[in-house]
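# Structural overview for review
Now for the letters of each chain:
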Amino acid sequence: MRETTLDGIWKLRADKIEDNSLGIKENMEWDMTIPGDVHDTLIKNNTIPDPYYGKNELDIQFIGRGDWTIYRSFSWKKEQQRAILRLEKVDTVARLFINGEKVRGFENEHQIHFIDITPFLKEGENVISFSFRSAESLATERNEKLAYPIPCSRYPNDSPNRNLVRKTQCNAGWDWGPCIMSVGIHESIKLFNTGSSLFENFAAIPRLKGDKWEVEFECWIESTEEKTIDAKAELAGKSVEGSFTLKKGTHKYSLFLFIPEKDIERWWPNGMGGHKLYRATVTVDGIVMERKIGFRTLRVKNEATMGGKELTISVNDRDIFSKGANWIPLDSIPSRMTRERYDELLQDAVDANMNMIRVWGGGWYEKEDFYELCDEKGILLYHDMMFACSTYPSDEWFLKSVEKELRDQIRRLKSHPCIALWCGNNEDLGALTWYEETIQNRDRYLKDYEKLNDETVGRVIMEEDTDRIFWPSSPCAGPGDYSDNWHSDGKGDMHFWSVWHEGKDFDFYHTVKPRFCSEFGYQSFSSLQVVNTFCPRDQFDLTSPVMLHHQKNNRGNEIMMEQFTRSFKYPSSFESSLYLSQVQQALAIETAVTYWRSLMPYCMGTLIWQLNDVWPVASWSSIEYNGRWKALHYAVKHFYAQVAPLLYIDKGRVFIKAVNDTKEKKNVEMRVRVMDYEGNVLEERNHSLTLGSMSVVEVEELYKSAYNRDNTFVVAETICDGEKEERSILMERVKNSSIKKSWIAFDNVEKLSDGSFSITIEAKSPAFYAVVESGNIDGRFSDNFFTVLPGESKTITFTPKQPVDEEKFKEELSVMDISRI
């Protein structure tokens, strides 16, 4: 077999285009790189402006409503019996032509295709083309033919009926994302010259059997004839040889290899051990494929415990507290998704002590880079199937399309040790209570839901991957349980949105005790650095047209500004408003996580909504679109630390606890100080603690009534294995506190030999929620969003992405704290 690609420069042609203000007309052509997409191509050719700037998104909607063709020529010489084309991430409604003859059509972005194109080829030059029809047009056509409505959630500036096309659902717009209906092919186009059989893919699945690992090598092979071929598998210095007797069609064939447990180093999640990977190699009929795998046992517990039903992830027979966030696609423009950006963002999660990411169901099955990096970094995945916030059809054509999609993706991904569970969907069970149609005729829509989610999605998952659990929906109480997990907190996983959507106060997080909370979040505005990338200065107002366009949640500004007045003093400037929004976001999420983490082992997981952004926008993310950490992500690094103090206020009392979620017992020194806003220490106590593995202990409990609450705060710090963690908490809201305007300044700024900068900050009175900014210089602080106490200077480092001289850095450097809003 010989493999080539058809990647590189193609031609893009506009076929059917609406009238538009950008001068694009039918039959215009551009060079286009494949893998690639239409939007990126037109941007790079200076044909359209960047849709992320200003309100440009509105001007490019015609692209997703248009029809497009891409084509190129290639030379082919018949060397073997067949030519097989492999296609992945064809987005979305397209027809393939070779030399003017239609080969086949596509209507599902998530499927993987192997197509015999031999009958359409000729010796020498050939022309291949893909004719793309508007996905929105097809969705509209399908909607008009429905026997009854199939409702889905709608968002500002969205593409309707997105649930009727198997395309990345958030392409149609979301309450944090633009409507960019991408068109293109987002993976390499491969051409195989082969004989009567084709080795398509393999998975390597290790299972612990006593003192040995049994590794099953599942090989998917397509053949046009019955024959016997040789096969060999190699892993961890061991090998096995055999043969497969092929049947016509595509079938699975397996080899088994046994490896002693003593010869294997286990794979562990981040913070629990190493992430050792082994190269698995399979040779079938002379064709070699390889991938990396890890050895670990994993169990998802959903047992009846402590008056409810748990959701606990156990890896290598050790329960872990799942600490992480929800992942949405890396970008709204697929061509901007690079391995470098995946690596940076996933490393940001690791650096903030996360061990789990939830792949949210409104996105797509990610690129291979994503899964490889999660394996390498020890990030577990709570993996949704790609259905979200909607009802869906249960017609045979839809279910058949979904079944192929799932089989393709599970076979592609099941070897990855990072994947902990497969989840049927995001909030589709809850969505049955959202729409007038589903409320009025629940039985009809519940039946549709069961046909798709249980009888199709669940069935296929359990057929294709017997080693992982099928978790029916996020949230849910577990298989076979249709409890209301928006409000019921005792079983399975919960999505808790009352603080945001209902505008409840932050301490409302204390009214629930989830066994596992897989979604909860609070919005903030972008930082000034990011606002500068999409908003002209004359629009620097939270209610300006551009700023409102980059706020996709209808009540987002209202909720944030109401909280400004409820807990803080209203900010005096645009810049102060941006700062305060990120402070209150961090405080909201820390309030939730600190309390829920203190409930361990009753609560065994918190996944923040959300980690990242698809474009620059006001959102729930902890990391901005340009990679800048918000105050929240710096807070996450501390409140997700493996050994840390936990401080929270509930029912008039300040609870001071310590947590250890490592595998080992830890000796911890803890200091607790009660201070006033002058910086005086009113009380100080030291504690020597021994914390068992996966344990929380209460250290102190203070009654607020015993103190002058508007002039008092608590600082707690732990030291374990030389690592210090410090958190502070005010006894009263900022607006009701007598916080003095701080004098906070940079005592020393020095460029280090590696190009980073050392920054020392000092204050004359306590400076709360201090955030250091680097202006227009991209980079990362070692720490941020902290309290600076008088007489206790704080030294941090800043690592710029690009080299910068010391004077320029000093000019850009600034610091803000809560007393100066």
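What you see is a predicted model, and the numbers here were worked out from it, not measured in a lab.

## Examining the overall build of the protein
- Tallying secondary structure elements over the protein gives 15 helices and 47 strands in all.
- Here the C-alpha atoms of the protein give a radius of gyration of 28 Å, agreeing with the 28 Å that 2.2 N^0.38 yields for 821 residues.
- The buried share among the 821 residues of the protein stands at 63%.
- Residue pairs at least 24 apart in sequence account for 70% of intrachain contacts in the protein once pairs closer than 6 positions are excluded.
- With the model as given, the accessible surface of the protein reaches about 29900 Å², and the carbon-plus-sulfur share is 45%.
- A gap of 2 Å separates the mean positions of the 103 positive and 128 negative side-chain charges of the protein.

## Regarding the packing of helix H4 (residues 339-351) against helix H5 (residues 368-377)
- Where H4 meets H5, the closest approach of the two axes is 10 Å, and the angle between their N-to-C directions is 35°. Note on packing geometry: the crossing formed by H4 with H5 is right-handed. Where H4 abuts H5, its residues Arg339, Tyr342, Asp343, Leu346, Gln347 and Val350 lie against Asp369, Phe370, Glu372, Leu373, Cys374, Glu376 and Lys377.
- Its residues assigned to classes, the contact of H4 with H5 shows six nonpolar, one polar and six charged.

## So, the nonpolar core
- Membership of the largest hydrophobic core comes to 213 residues, with the highest contact counts inside it found for Trp68, Phe130, Leu381, Trp596, Tyr769, Phe785 and Ile818.
- Ranked by the residues each element gives to this core, the list is headed by helix H13 (residues 574-598), at 13 residues.
- Phe202, Trp213, Ile259 and Ala280 belong to the second largest nonpolar core, which has 27 residues in total.

## Looking at the pattern of salt bridges
- Evaluation of the coordinates by the stated rule reveals 73 salt bridges.
- In this structure, aspartate 650 and lysine 651 form a salt bridge, with 3.7 Å as the shortest nitrogen-oxygen distance.
- Judged by relative accessible area, aspartate 650 falls into the buried class, the value being 15%.
- Residue classification places lysine 651 among the exposed residues on the basis of a relative accessible area of 70%.
- Sharing partners across several salt bridges, the network here consists of Arg671, Arg673, Glu684, Glu717, Lys724, Glu726 and Glu792.

## Digging into the environment of methionine 337
- Note that methionine 337 resides in the loop between strand E26 (322-327) and H4.
- A sequence separation of 151 residues divides methionine 337 from histidine 186, and the C-alpha atoms of the two residues are 9.7 Å apart.

## As for the sheet that holds strand E13 (residues 190-194)
- Ordered in space as E1-E13-E6-E10, the four strands form an open sheet in which the pairing is antiparallel. A single partner strand is all that each edge strand has here, and the edge strands are strand E1 (2-5) and strand E10 (112-116). Across the sheet, the axes of successive neighbouring strands diverge by a mean angle of 20°, strand direction being ignored.
- Here strand E6 (residues 82-88) runs beside E10; their pairing, made up of five bridges, is antiparallel.

## Comments concerning the sheet that holds strand E24 (residues 312-315)
- Read from one edge to the other, the open sheet built from three strands follows the order E21-E24-E25, with strand pairing classed as antiparallel. Every interior strand has two partners, whereas the edge strands, strand E21 (298-301) and strand E25 (318-320), have only one. Each strand of the sheet is rotated relative to its neighbour by a mean of 30°, with strand direction disregarded.
- With four bridges connecting them, E21 and E24 associate as antiparallel partners. Considered in E24, the bridge of lysine 301 is made with threonine 312.

## A closer look at the pairing of strand E11 (residues 124-133)
- Note that strand E5 (residues 67-76) and E11 share nine bridges and pair antiparallel. Each residue of the ladder has a partner; that of serine 75, found in E11, is glutamate 125.
- Bridge count between strand E8 (residues 93-98) and E11: six bridges; the pairing is antiparallel. Among the inter-strand pairings, isoleucine 98 is bridged to a residue of E11, identified as isoleucine 128.

## Observations regarding the side chain of lysine 630
- Turning to its location among the elements, lysine 630 is positioned in the loop between strand E33 (605-608) and helix H14 (631-639).
- Despite its burial, lysine 630 pairs with no opposite charge, the nearest such side chain being aspartate 613 at 4.7 Å.
- In this structure lysine 630 touches Ser524, Phe525, Gln582, Gln585, Ser619, Ser621, Ser622 and Glu624, once residues within four positions along its chain are discounted.

## Details of helix H8 (residues 442-464)
- Look at H8: 31 Å from first C-alpha to last across 23 residues, which is about the 33 Å you get at 1.5 Å a residue.
- The sharpest bend along H8 measures roughly 30° and falls at glutamate 450.
- Regarding H8, the residues found buried are Tyr445, Leu446, Asp448, Tyr449, Leu452, Asn453, Thr456, Val457, Gly458, Val460, Ile461 and Glu464.
- At its buried positions, H8 is contacted by strand E15 (212-223), helix H6 (396-413), strand E29 (419-423), helix H7 (436-440) and strand E30 (470-471).

## Remarks on a negative patch on the surface
- A cluster of acidic residues, Asp230, Glu234, Glu241 and Asp285, forms a negative patch at the surface.
- Note on placement: glutamate 241 falls in strand E17 (residues 238-246).

## Some words on the packing of aromatic side chains
- One pass over the structure, following the stated rule, counts 49 aromatic pairs.
- Measuring from ring centre to ring centre gives 6.0 Å for tyrosine 52 and tryptophan 615, while their planes differ by 70°; the resulting arrangement is edge-to-face. In this pair, tyrosine 52 sits in the loop between helix H1 (38-44) and helix H2 (61-64) while tryptophan 615 sits in the loop between E33 and H14, placing the two residues 563 residues apart along the sequence.
- Overall, the relative accessible area of 4% leaves tyrosine 52 in the buried class.
- Exposure remark for tryptophan 615: the relative accessible area of 0% places this residue in the buried category.
- Plain terms: the ring middles of phenylalanine 520 and tryptophan 596 are 4.9 Å apart, the flat faces sit at 80° to each other, and that makes the pair edge-to-face. Taken together, the residues span a long stretch of sequence, with phenylalanine 520 in the loop between strand E32 (517-519) and helix H10 (528-534) and tryptophan 596 in helix H13 at a distance of 76 residues.
- By relative accessible area, phenylalanine 520 is classed as buried at 0%.

## Digging into the side chain of glutamate 700
- In this fold, glutamate 700 is placed in strand E38 (residues 695-703).
- Not counting residues up to four positions away in its chain, the partners in contact with glutamate 700 are Val654, Phe655, Ile656, Val672, Arg685 and His687.

## A closer look at H14
- Of all nine residues making up H14, eight are buried, and the element is well covered by its neighbours.
- Among the residues of H14, Ala631, Leu632, His633, Tyr634, Ala635, Val636, His638 and Phe639 are the ones counted as buried.

## A few points about the packing of helix H12 (residues 556-567) against H13
- Where H12 meets H13, the closest approach of the two axes is 10 Å, and the angle between their N-to-C directions is 85°. When the axes of H12 and H13 are compared, the pair comes out roughly perpendicular. Each of Met560, Gln563 and Phe564 in H12 lies in contact with H13, whose residues at this interface are Ser577, Leu580, Ser581 and Gln584.

Criteria and thresholds
Residues numbered from 1 in each chain as written. Predicted model: local features only at pLDDT ≥ 70, side-chain atom pairs only at ≥ 80, totals over all residues. Heavy atoms only, no water. Helix = DSSP H or I, 4+ residues; strand = E, 2+ residues; numbered from the N terminus. Rg over C-alpha atoms; globule rule 2.2 N^0.38 Å. Buried < 20%, exposed > 50% of the residue type's maximum accessible area, 1.4 Å probe, protein only. Contact = heavy atoms within 4.5 Å. Areas by Shrake-Rupley, 256 points an atom, 1.4 Å probe, with all protein chains shown as cover. Lys, Arg positive; Asp, Glu negative; His and termini not counted. Charge placed at Lys NZ, Arg CZ, Asp CG, Glu CD. Axes fitted to C-alpha atoms, helices over the stretch in contact; angles between N-to-C directions. Left-handed = near helix turned anticlockwise from the far one by under 90°. Nonpolar A, V, L, I, M, F, W, Y, C, P; charged D, E, K, R; others polar. Core = buried A, V, L, I, M, F, W, Y, C linked by side-chain atoms within 4.5 Å. Salt bridge = Lys/Arg side-chain N within 4 Å of Asp/Glu carboxyl O. Pairing = 2+ DSSP bridges. Expected span 1.5 Å × (residues − 1). Bend = angle between axes of the 7 residues up to and from the residue. Patch = residues over 30% accessible without salt bridge, like charges linked within 9 Å, V, L, I, M, F, W, Y side chains within 5 Å. Phe/Tyr/Trp six-rings, centres within 6.5 Å; stacked < 30°, edge-to-face > 60°. Parallel < 35°, antiparallel > 145°, perpendicular 65-115°, else oblique.

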